[in-house]
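Fold and contact review
The primary structure of each chain is shown beneath.
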Amino acid sequence: MSDATTTTSATLPVGVLDFVGIEYGQTAGDSIRGAVEIARSVEAAGYRRYWVSEHHNMRSLACSAPEILIAHIAAQTERIRVGAAGIMLPNHAAFKVAEIFRTLLAMHPGRIDLALGRAPGTDPLTAHVLRRGLNLDPGAEFPGQVAELLAFLGDGFPEGHPYAPLVAAPVVEEQPEMFVLGSSGYGTRFAAVNGLRAAFAHHMSPEIAVEALRAYRREFEPRNPGDEPYSVMSVLTFGSENPDDVAEFEAAWTLMMRNLARGIREPLRPQDIVELARSESFRRAERDSSRMVVGEPKAVAERLLELQEQAQVDEIVVVTPSLDRARRTRSLLEVAEAWRRAA
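The rules behind these values
Residues numbered from 1 in each chain as written. Predicted model: local features only at pLDDT ≥ 70, side-chain atom pairs only at ≥ 80, totals over all residues. Heavy atoms only, no water. 1 Å grid on protein atoms, 1.4 Å probe; cavity = no way out; pocket = protein on both sides within 12 Å on 5 of 7 lines; lining within 4 Å. Points joined across faces, edges and corners; volume = space filled by probe spheres on them. Helix = DSSP H or I, 4+ residues; strand = E, 2+ residues; numbered from the N terminus. Buried < 20%, exposed > 50% of the residue type's maximum accessible area, 1.4 Å probe, protein only. Pairing = 2+ DSSP bridges. Right-handed = clockwise from strand over helix to strand, strands pointing away. Expected span 1.5 Å × (residues − 1). Polar contact = N/O pair within 3.5 Å; in protein donor to acceptor, adjacent residues only side chain to side chain. Phe/Tyr/Trp six-rings, centres within 6.5 Å; stacked < 30°, edge-to-face > 60°. Lys NZ or Arg CZ within 6 Å of the ring centre and 35° of its normal. Contact = heavy atoms within 4.5 Å.

Our next topic: the layout of surface pockets. Of the volumes computed, that of the second largest pocket is approximately 230 Å³. Lining of the second largest pocket is provided by 14 residues; of these, Glu250, Thr254, Phe282, Glu286 and Asp288 occupy positions nearest its centre. Only helix 8 (243-261) and helix 10 (280-284) provide two or more residues apiece to the lining of the second largest pocket. Sorting elements by how many residues they give to the lining of the second largest pocket places helix 8 first, with five residues.

What follows is the structure, encoded as structure tokens:
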């Protein structure tokens, strides 16, 4: 198995999406230090990207300010691309997002990604507070916000537009690598018709992921001459030779989703995970094999490669939440090693 001290010369078409979970009994500081450790480990293993999400009003996560996490993690890594998947654009002013990501590019040129989402990443009350009480329809506002952001990042506004005199400072020549997030057909269609990169959350909507991404590639309309479609798919993933670890990963995901449905946003207790994983009812329950790719690392890597081909995506982004950091990191490294052998 690889470890954090082993540096690969070529990156894999694989990334990591990290929710920056806070483990039971640990602090937010522990979680953020752990995120840096994971980013360093996967950089050494050859992963191409490390992304953090934007979620609010959750005691179990430390990712409410992804832009700060990006700056911190990029400063403590060397080559891996670091970004947000995503910035939930309805929670922000496009001008401020442009300023933040230009600042990140000034600090870490060639390494910053920006994936945009139209969901709030939280509950309705928190969304209300984030939007300063404004009654906004994210679906209606999102296209205009994206257009503004692209203009502020370098596309520019048409002559006579009231925002044309504004400069999103600091001025840099580069733009972040931009993606449009989606867990429905909307995101991939929006990305296709606007000539943008697409990122689809298979871990949220596995039943439509493959067709949505294939449709994106068919329907892509270049924004600029020579532009080509580019897509990634995030997949719930855990690889281990230990079947108990695999069962506990599945149990942890099940518990997390149950808790979210009940409005419980606390870190999972390890004993609850073990108890569920070992229960007869859970062992007999039918697994949601369409949603997650789990098992021995070799089988996991082969299945991820199959999904990559089926969905016609350029990259896979693995999502490995809920379990303790040591086992999550070990899974990420073993999956990378198995991918390299299988590809």
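The subject of this paragraph is the pairing of strand 6 (residues 197-201). Along strand 6, four of the five residues are buried, which leaves the element largely enclosed by surrounding structure. In the sheet, strand 5 (residues 177-182) pairs with strand 6 via four bridges, with the strands oriented parallel. Among the inter-strand pairings, Val180 is bridged to a residue of strand 6, identified as Ala198. In the classification by handedness, the crossover that spans strand 5, the intervening helix 6 (residues 185-193) and the parallel strand 6 is right-handed. Note: strand 6 against strand 7 (residues 231-239), four bridges, orientation parallel. Paired with Ala198 across the strands is Ser231, a residue of strand 7. On the question of chirality, the crossover connecting strand 6 to the parallel strand 7 by way of helix 7 (residues 206-219) is right-handed.

Taking 1.5 Å of rise per residue, the 19 residues of helix 8 would be expected to cover 27 Å, and the 27 Å separating its terminal C-alpha atoms lies within 8% of that figure. Where helix 8 starts, the residue carrying a side-chain oxygen 2.8 Å from the main-chain nitrogen of Asp244 turns out to be Asn242. Note on helix 8: the residue one or two positions beyond its end, Gly263, has a positive phi of about 80°.

Time to look at unusual backbone geometry. Residue Gly86 is bonded to the preceding Ala85 through a cis peptide linkage, with omega at 5°. A cis amide bond links Ala169 to the next residue, Pro170, at an omega of 0°. Structurally, the position occupied by Pro170 is in the loop between helix 5 (138-155) and strand 5. Despite not being glycine, Asn57 has its phi angle at roughly 60°, a positive value. By secondary structure assignment, the location of Asn57 is in the loop between strand 2 (49-52) and helix 2 (66-75). Relative accessible area serves as the criterion here: at 48%, Asn57 is assigned to the partly exposed category.

Any two aromatic rings considered together are summarised by their centre-to-centre distance and by the angle between their planes. A full pass over the atoms with the stated rule returns 10 aromatic pairs. Measuring from centroid to centroid gives 5.2 Å for Phe142 and Phe190, while their planes differ by 55°, and the two rings are tilted. In this pair, Phe142 is assigned in helix 5 and Phe190 in helix 6, connecting sequence segments 48 residues apart. A relative accessible area of 10% places Phe190 in the buried class. Three or more aromatic residues link up through ring pairs in this structure, and these residues are Phe95, Phe152, Phe157 and Tyr163. The ring of Tyr230 is capped by Arg197, whose NZ or CZ atom sits 4.0 Å from the centre of that ring.

This part takes up the side chain of His203. Inspection of the secondary structure assignment puts His203 in the loop between strand 6 and helix 7. Assessed through its relative accessible area of 7%, His203 is described here as buried. Setting aside chain neighbours within four positions, we find His203 in contact with Leu17, Phe19, Ser234, Val235, Leu236, Trp253, Arg291 and Val319.

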